[in-house]
Amino acid sequence: MVASIAALGLIAWPVMSYFEVPPFTDKGDPVSYGQADDAKGGKPADSRTLLPTGPQAAFKNANTMSDGSKISVVTLDGKKSGFKGKVWVWAPKEYTDDPKFAKSGFPVLIALPGGPGHDGNYWIGKFGKDKLSLQESISQWYRESASKPFLLAMPILNPGPDDKGIYWDGSDIPDQPKMGTWLTEDVPDLMKANFRTLKSRDGWAYMGSSTGGFASLKSVLKHPDKFKAAVANGPDIVPDSPLWRGHDKEKAENNPEVLAKQLTAAKGPDVYIAFQAGSKENRATLAGIKKFMATYGKGPVHTQYWEIPGGGHNAATYLSNMREPMKWISEQMEGPTPSA
């Protein structure tokens, strides 16, 4: 009888865990990424590393990956934007468990969704028939020397749903929530407060799809002193939210074409943009990417393009083909310094 009960327990545990039935799941449990240990440990690995600045966020576990790493979530009250919203974060096992990187700063990738972009971020999920995930892909690519071991920040993109054709272009549109400041100031500040990061822009990049691809492209071009690179999947090239109506000056200040022209005139700093798009996407999307590269992909604006044969406008297509764009971006960036 005891053996039968034990056997039933072994069968029930994964089932109850899958359906997130307490106490068989750790979803919602507090998550710490070693900030307290960093504070006690004294010196960073090198002068490039910024130890967590605090305050420590109240992260709650959203998902435990197959390797034991945690995707967690917090509601961030953005001090600079005044906007309050969810941010999911993830640290690879190299950050949490590898002694040779215990005092090292890690690069950060801010991953932005397309679609509604509210009240979630689809990069915390799995895609396609192979059930790909961004987190597991980055871990695999790192093992294959095709990616840096990025920390991930996955914020919401919009302050409300875009089901009526309203979206915010990842920008500070007048009289609207300051989503540009949220993405380029508050979210990076959250990562600096809670993780060992890299001080220079060589440790900061974006990745996004569709409207998130536009926001990624625009953020790097608008703030090249803070961010070095972006992977823009099927992006719009110019701002086109209806909320810009009556605000032409501000719209131009968030136009990647204008920003790229200004960066070229200023002769830098250098930025690196990897474009990716499916061959079955809207013709205007493909034409816009190619026109941008031909016109502005010179001087300090370095671009590469991968067109996915038969690919559509969706995250599963992009992620399953993102190894080479991430490899190219990673080659431009700094990674953690192993201890001697």
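Given the structure is predicted, the values throughout are model-derived calculations rather than measurements.

Even after reading the chapter, I still don't get unusual backbone geometry, so can you show me in this structure?
In terms of backbone geometry, most residues other than glycine have negative phi values and most peptide bonds are trans. Note that the residue after Gly54, namely Pro55, is joined by a cis bond; omega there is 0°. Tracing the backbone shows Pro55 in the loop between strand S1 (49-50) and strand S2 (60-64). With an omega of 0°, the peptide bond running from His118 to Asp119 counts as cis. Structurally, the position occupied by Asp119 is in the loop between strand S5 (108-112) and strand S6 (126-127). Unlike most non-glycine residues, Ser210 shows phi in positive territory, near 60°. Looking at where Ser210 falls in the secondary structure, it is placed in the loop between strand S10 (204-209) and helix H6 (211-222). One non-glycine residue with positive phi stands out, namely Lys267, at about 60°. Position of Lys267 among the secondary structure elements: in the loop between helix H8 (256-266) and strand S12 (271-278). On the basis of relative accessible area, Lys267 is assigned to the exposed category, the value being 75%.

Can you help me understand the side chain of Asp169 in this one?
Following the sequence through the fold, Asp169 ends up in the loop between strand S8 (151-155) and helix H5 (179-194). Although Asp169 is buried, it makes no salt bridge; Lys251 carries the closest opposite charge, 7.1 Å away. A distance of 3.1 Å separates the side chain of Asp169 from the backbone nitrogen of Asp240, its partner in a polar contact. One polar contact links the side chain of Asp169 to the main-chain amide nitrogen of Ser241, over a distance of 3.0 Å. Apart from residues lying up to four places away in sequence, Asp169 is in contact with Phe214, Lys218, Pro239, Asp240, Ser241 and Trp244.

Sorry if this is basic, but what is going on with the environment of Met333 here?
Its location among the elements puts Met333 in the segment after helix H11 (323-331). A relative accessible area of 6% means that Met333 is categorised as buried. Once the C-alpha coordinates of Met333 and Ser147 are considered, the two residues, 186 residues apart in sequence, prove to be 9.7 Å apart.

What's the story with the packing of aromatic side chains in this structure? I'm lost.
Any two aromatic rings considered together are summarised by their centre-to-centre distance and by the angle between their planes. In this structure the tally under the stated criterion is 15 aromatic pairs. Pairing Tyr95 with Phe195 gives two aromatic rings, centres 5.7 Å apart and planes at 65°, and the pair type is edge-to-face. Of this pair, Tyr95 sits in helix H3 (residues 93-97) while Phe195 sits in the loop between H5 and strand S9 (197-198), and the two are 100 residues apart along the sequence. In this structure, Tyr95 and Phe195 share a single accessibility class: buried. Through pairs of rings, three or more aromatic residues link up here, namely Tyr33, Phe59, Tyr95, Phe101, Phe106 and Phe195. Sitting above the plane of the Trp204 ring, Lys192 keeps its charged end 5.5 Å from the centroid.

So, how was this worked out
- Residues numbered from 1 in each chain as written.
- Predicted model: local features only at pLDDT ≥ 70, side-chain atom pairs only at ≥ 80, totals over all residues.
- Heavy atoms only, no water.
- Helix = DSSP H or I, 4+ residues; strand = E, 2+ residues; numbered from the N terminus.
- Buried < 20%, exposed > 50% of the residue type's maximum accessible area, 1.4 Å probe, protein only.
- Lys, Arg positive; Asp, Glu negative; His and termini not counted.
- Salt bridge = Lys/Arg side-chain N within 4 Å of Asp/Glu carboxyl O.
- Polar contact = N/O pair within 3.5 Å; in protein donor to acceptor, adjacent residues only side chain to side chain.
- Contact = heavy atoms within 4.5 Å.
- Phe/Tyr/Trp six-rings, centres within 6.5 Å; stacked < 30°, edge-to-face > 60°.
- Lys NZ or Arg CZ within 6 Å of the ring centre and 35° of its normal.

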